[in-house]
Amino acid sequence: MSHNIHLIAAARPNFMKIAPLYHALVNEDWCKVSIIHTGQHYDANMSDDIFADLMLPEPHFHLGVGGGTHAEQVGKVMMAYEDICLNIERPDLLIVVGDVNSTAACAQVATKLHIKVAHLEAGLRSGDRSMPEEINRLVTDAICDYLWTPSPDADENLKNEGHPDSRIIRVGNIMMDSYELLSDKINAENAPAKYGLENQDYGVVTLHRPANVDDPIILKTLIDGLVENSKKLKLIFAIHPRTRKSLELNNYWQDFQSHENLILIEPISYVPFMSLVKSAKLIITDSGGIQEETTYLDIPCLTLRDNTERPITITEGTNRLVKPSELSECVDQVLAGKWVHGTKPKNWDGHTAERIKDIINNLFKK
Ligand code: UD1
């Protein structure tokens, strides 16, 4: 008997988490796997191009919700996904990934319809409830049937919140599966040359967290820091739509574009982006996923945040939390060859999707 599985794609960071699972499951005769794209991210460079890079098909269902306030986005996703489950295709298992609004929204819909739900990347906690993602993590983990974690700290967080051991399974980090799946293409891409950059002679920047980019004063401090540090090392900054909007709204955009060693680009797809990251001297970011990818690739990661839900990237990897006032000193440390080298955490090995496939198969046999 074939079982229906739904995978929720929604926003950019989810796509690299569902792709390995989709590829692992698509040819199995015991399941039928469908991708549901909520449309939280909709620009080609935030969505379609990345689907193509990850060799994903057109989504089987597209909810087309677009942007909006949190409540609008969550509400629209819930209504649209409920309609699919009730009237078009009820899954036997829903898999939600990461911590975006669509993750928590779809998990709620399915749980209330008594559909089994698994959360992949369960248990991560920043302890910072001012982050929308932290609320999404708490809500999702509280209601999911299966909690698939990437690291021991995630297991501990869940146990401390009272989740029974029987729900928690450490599966590893699925992001590394995507990297391994596409490593030949990433190696062949040579993205630095396309931007006139030489290997190891530039840094990559991404910033999009509301706490960093929505407040004009904080944003100005950060971009001033980037301008200053670009005098020491060329920086290439792939600018998220949220950040671009804030730069324009606050009239910073014009001036910010005028610095020789600061290359501003639109968001780019997965393969070229990882090609840039792989050969960079350092990364400056507030992303979650990039903290993990840099640990995997042993590249210095300067995370412009007060906390992280991925502490293993600090204890075992190459990541450090950096205050804006410390940025220059940290860049100097990297340039002087004084940054820590890390190790790859256990089960960040490119085989997470295979492990999950076996877990799901066993679930359906029960
Ligand atoms: C979302 C996730 C965040 C994740 C990030 C990665 C939540 C709460 N946040 O934040 O965890 O790290 O994605 O990118 O789910 N926009 C576009 N084009 C797009 C997508 C968004 O122009 O394709 C605009 C939106 O209209 C909005 C802004 O960018 O004005 C922010 O988008 P939104 O999806 O609300 O949140 P992100 O900041 O992208």
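Novice: When you look at the sheet that holds strand β11 (residues 282-285) in this model, what are you seeing that I'm missing?
Specialist: What links the strands of a sheet is backbone hydrogen bonding, and the strands pair in either a parallel or an antiparallel sense. What the 6 strands build is an open sheet, ordered β10-β9-β8-β11-β12-β13; its pairing is parallel. In the strand order of this sheet, the two ends are held by β10 (262-265) and β13 (319-321), each with one partner. On average, each strand axis in the sheet is tilted by 20 degrees relative to the strand beside it, whichever way the strands run. Pairing of strand β12 (residues 301-303) with β13, which is carried by 3 bridges, proceeds in the parallel orientation. When the sheet's bridge partners are listed, Thr 303 is paired in β13 with Leu 321. Here helix α15 (residues 289-297) sits on the sheet and contacts β8 (202-206), β11, β12 and β13; the angle it forms with β12, its principal contact strand, is near 160 degrees.

Novice: Explain the layout of surface pockets to me, please; I cannot follow it from the model alone.
Specialist: Taking a probe equal in size to a water molecule and rolling it over the atoms shows the remaining empty space. Put simply, the largest pocket is a space of about 1,200 Å³. If you trace the largest pocket, you find 45 residues lining it, with Ala 11, His 41, Met 46, His 208 and His 240 closest to the centre. When contributions to the lining of the largest pocket are tallied by element, the ones reaching two or more residues are α1 (12-25), α3 (70-88), α5 (132-143), α12 (241-249), α14 (270-278) and α15. Broken down by element, the lining of the largest pocket gets its largest block of residues, 4 residues, from α1. Here the residues of the lining of the largest pocket are counted per class, giving 17 nonpolar, 16 polar and 12 charged. When residues of the lining of the largest pocket are sorted by domain, at least three fall in each of domain 1 (3-173 + 349-365) and domain 2 (184-335). By volume, the second largest pocket is sized at about 330 Å³. In this structure, the second largest pocket is lined by 17 residues; those nearest its centre are Ala 211, Asn 212, Leu 304, Arg 305 and Asp 306.

Novice: What is the right way to read the site of the ligand from this model?
Specialist: Taken together, 21 residues are adjacent to the ligand, and His 41, Tyr 42, Asn 101, Glu 133 and Lys 245 come closest. A distance of 2.6 Å separates an oxygen atom of the ligand from a polar atom in the side chain of Glu 133. Here an oxygen atom of the ligand and a side-chain polar atom of Lys 245 are 2.8 Å apart. Isolated, the ligand exposes 750 Å² of accessible area, and the fraction of that covered by the protein chains is 88%. Contributing elements (two or more residues each) for the shell around the ligand: α1, α3, α5 and α12. Here the shell around the ligand spans two domains, and each of domain 1 (3-173 + 349-365) and domain 2 (184-335) adds at least three residues to it.

Novice: Would you explain the side chain of Glu 89 in this entry?
Specialist: Checked against the element boundaries, Glu 89 lands in the loop between α3 and β4 (93-97). On the basis of relative accessible area, Glu 89 is assigned to the buried category, the value being 11%. At a separation of 2.8 Å, a polar atom in the side chain of Glu 89 contacts the side chain of His 6. Among the polar contacts made by the side chain of Glu 89, one reaches the side chain of Ser 34 at a distance of 3.3 Å.

Novice: Looking at this model, I keep getting lost on empty space enclosed by the protein. Mind explaining?
Specialist: The full count for this structure, using the stated rule, is 1 cavity of 30 Å³ or more. Roughly 30 Å³ of volume is contained in the largest cavity. If you trace the largest cavity, you find it lined by Leu 120, Glu 121, Pro 150, Gly 172, Asn 173 and Ile 174. When its residues are assigned to classes, the lining of the largest cavity shows 3 nonpolar, 2 polar and 1 charged.

Novice: I keep staring at the nonpolar core and nothing clicks. Help me out?
Specialist: What tends to happen in soluble globular proteins is that the nonpolar side chains get buried as a cluster. Judged by nonpolar contacts, the single largest core of 58 residues is most densely connected at Leu 21, Ile 95, Leu 120, Trp 148, Tyr 270, Leu 276 and Ile 360. Here this core spans two domains, and each of domain 1 (3-173 + 349-365) and domain 2 (184-335) adds at least three residues to it. Core analysis: the second largest hydrophobic core is formed by 27 residues, Leu 219, Leu 235, Ile 239 and Leu 327 among them.

Novice: Would you explain helix α11 (residues 216-230) in this entry?
Specialist: Residues three or four positions apart in an α-helix share a direction because the helix packs 3.6 residues into each turn. Taking 1.5 Å of rise per residue, 15 residues should cover 21 Å, and α11 covers 21 Å from first to last C-alpha, within 8% of that figure. Among the residues of α11, Leu 219, Leu 222, Ile 223, Gly 225, Leu 226, Val 227, Asn 229 and Ser 230 are the ones counted as buried. Two or three places before Ile 217, at the start of α11, stands the capping residue Asp 215, its side-chain oxygen 2.8 Å from that residue's backbone nitrogen.

Novice: Could you clarify how one ought to interpret the sheet that holds strand β5 (residues 116-120) in this entry?
Specialist: Read from one edge of the open sheet, 7 strands run β3-β2-β1-β4-β5-β6-β7, paired in parallel fashion. The outermost strands of the open sheet, each flanked by one partner alone, are β3 (61-62) and β7 (168-170). With 2 bridges connecting them, strand β2 (residues 31-37) and β3 associate as parallel partners. Opposite Ile 36, over in β3, you have Phe 61 as the bridge partner. Across the sheet, α1 lies against β1 (3-9), β2, β4 and β5, angled at about 160 degrees from β1, the strand it touches most. The sheet strands contacting α3 are β1, β2, β3 and β4, and the helix crosses β1 at an angle near 165 degrees.

Novice: Sorry, what's going on with the domain arrangement of the chain here?
Specialist: The figure often quoted for interface size is the accessible area lost as the parts come together. Domain parsing of the chain yields domain 1 (3-173 + 349-365) and domain 2 (184-335). Computed over C-alpha atoms only, the centres of domain 1 and domain 2 are separated by 27 Å. Interface area, domain 1 with domain 2, both sides summed: about 1,700 Å², of which 51% is carbon and sulfur. Three residues stand out in domain 1 for area buried against domain 2, namely Arg 12, Asn 45 and Asp 53, and they jointly supply 25% of the buried area on that side. Taken together, the links from domain 1 to domain 2 amount to 3 salt bridges.

Parameters at a glance
Residues numbered from 1 in each chain as written. Predicted model: local features only at pLDDT ≥ 70, side-chain atom pairs only at ≥ 80, totals over all residues. Heavy atoms only, no water. Pairing = 2+ DSSP bridges. Helix = DSSP H or I, 4+ residues; strand = E, 2+ residues; numbered from the N terminus. Axes fitted to C-alpha atoms, helices over the stretch in contact; angles between N-to-C directions. Contact = heavy atoms within 4.5 Å. 1 Å grid on protein atoms, 1.4 Å probe; cavity = no way out; pocket = protein on both sides within 12 Å on 5 of 7 lines; lining within 4 Å. Points joined across faces, edges and corners; volume = space filled by probe spheres on them. Nonpolar A, V, L, I, M, F, W, Y, C, P; charged D, E, K, R; others polar. Domains from an automatic or database assignment. Near = heavy atom within 4 Å. Polar contact = N/O pair within 3.5 Å; in protein donor to acceptor, adjacent residues only side chain to side chain. Areas by Shrake-Rupley, 256 points an atom, 1.4 Å probe, with all protein chains shown as cover. Buried < 20%, exposed > 50% of the residue type's maximum accessible area, 1.4 Å probe, protein only. Core = buried A, V, L, I, M, F, W, Y, C linked by side-chain atoms within 4.5 Å. Expected span 1.5 Å × (residues − 1). Buried area = accessible area lost by both parts, 1.4 Å probe. Salt bridge = Lys/Arg side-chain N within 4 Å of Asp/Glu carboxyl O.

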